[in-house]
Amino acid sequence: MNELVVIGAGSIVLIGAVMAITVRDRYQKLIYLSLIVAGVMPFLAEKGYLDVLTVISLIVPISTFFILLACRRNV
Amino acid sequence: MNPELILGLILILLGSVGAAFPKPDDYVTRLINLQVPGWGLLLVMLSFDETLALLSFCGVLAFSTFIFIRVIQKRGETG
């Protein structure tokens, strides 16, 4: 695997994971969660799992929408 | 040891600690932190080349998130 892709996408995933856990605001947590997804996608595309990549690209916005419904009210 | 496996294990460790001890201690924060080890598990599955596991895990992750959100909202309404 190309080292530049590994370093770039891996640092995106690590930054997203650390910030999604440490940040206290829920909306900022959601933004960093989508940063994790954006970092995982090059790994999938580089190994040739384009069908899995299609399913993730369709399902992740729906999942984000469901969490966003819960973020709006104080539970 | 390919990079996906190492990255996935790091994500599982970080996300498990974050889901066990969330900073604002409520249900939604715990649920958002629970997404992080889910993606780490997906990276581990990717390193072992399991296509069917990847596909089914993506679907179940979104569906279980929907069910958890409904349960949290019902519990918040009833107190």
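Summarised in this report is the structure supplied together with it. Predicted, not measured: the structure shown is a model, and the values here were computed from it.

**Structural notes on the nonpolar core**
Burial of nonpolar side chains together is a common tendency in soluble globular proteins.
Right, on to step 1. Ranked by internal contacts, the top residues of the largest apolar core, which has 31 residues, are Ala17, Ile36 and Val40 of chain A together with Leu11, Val36 and Leu43 of chain B.
Right, on to step 2. Only α1 (3-22), α2 (26-47) and α3 (50-72) of chain A together with α1 (3-20), α2 (27-47) and α3 (51-78) of chain B provide two or more residues apiece to this core.
Right, on to step 3. If one sorts the elements of this core by residue count, α2 of chain B sits on top with nine residues.
Right, on to step 4. Ignoring sequence-local partners within four residues, the contact set of Val40 of chain A consists of Val13 of chain A together with Trp39, Leu42 and Leu43 of chain B.

**Section: the packing of α1 of chain B against α2 of chain B**
Residues and elements named next belong to chain B.
Right, on to step 1. The contact between α1 and α2 brings their axes to 7 Å, and the two run at 160°. Judged by the angle between their axes, α1 and α2 are roughly antiparallel. You can see that α1 and α2 cross each other, and the crossing is left-handed. Here α1 contributes Glu4, Leu5, Leu7, Gly8, Leu9, Leu11, Ile12, Leu14, Gly15, Ser16, Gly18 and Ala19 to the contact with α2, which in turn contributes Arg30, Asn33, Leu34, Val36, Pro37, Trp39, Gly40, Leu41, Leu43, Val44, Leu46 and Ser47.
Right, on to step 2. Class assignment of the residues belonging to the contact of α1 with α2 gives a composition of 15 nonpolar, seven polar and two charged.

**What to know about unusual backbone geometry**
Residue and element names in this part refer to chain B.
Right, on to step 1. Unusually for a residue other than glycine, Asp49 sits at a positive phi of about 60°.
Right, on to step 2. Its location among the elements puts Asp49 in the loop between α2 and α3.
Right, on to step 3. Judged by the 10 C-beta atoms lying within 10 Å of it, Asp49 is exposed.

**Focus: the interface of chain B and chain A**
Right, on to step 1. With 34 residues of chain B at the contact, the number on the chain A side is 31 residues.
Right, on to step 2. Counting residues per element, the ones that place at least two in the side of chain B that touches chain A are α1, α2 and α3 of chain B.
Right, on to step 3. Examining the composition of the side of chain B that touches chain A, we find that 13 residues originate from one element, α3 of chain B, more than from any other.
Right, on to step 4. Across the side of chain B that touches chain A, the residue classes break down as 21 nonpolar, 10 polar and three charged.

**Details of the environment of Asn2 of chain B**
Right, on to step 1. One can find Asn2 of chain B in the segment before α1.
Right, on to step 2. In this structure Asn2 of chain B comes out as partly exposed when scored by C-beta crowding, with 14 C-beta atoms within 10 Å.

**Focus on the environment of Ile69 of chain B**
Right, on to step 1. Inspection of the secondary structure assignment puts Ile69 of chain B in helix α3.
Right, on to step 2. Remark: the alpha-carbon pair of Ile69 of chain B and Val28 of chain B, spanning 41 residues in sequence, is separated by 8.0 Å.
Right, on to step 3. For Ile69 of chain B, the residues in contact, after removing those within four places along its chain, are Phe66, Ile67, Leu69 and Ala70 of chain A.

Reading the values: the criteria
Residues numbered from 1 in each chain as written. Chains lettered and ligands numbered in written order. Predicted model: local features only at pLDDT ≥ 70, side-chain atom pairs only at ≥ 80, totals over all residues. Core = buried A, V, L, I, M, F, W, Y, C linked by C-beta atoms within 7 Å. Buried ≥ 20, exposed ≤ 12 C-beta atoms within 10 Å, placed from the backbone. Helix = DSSP H or I, 4+ residues; strand = E, 2+ residues; numbered from the N terminus. Contact = placed C-beta atoms within 7 Å. Axes fitted to C-alpha atoms, helices over the stretch in contact; angles between N-to-C directions. Parallel < 35°, antiparallel > 145°, perpendicular 65-115°, else oblique. Left-handed = near helix turned anticlockwise from the far one by under 90°. Nonpolar A, V, L, I, M, F, W, Y, C, P; charged D, E, K, R; others polar.

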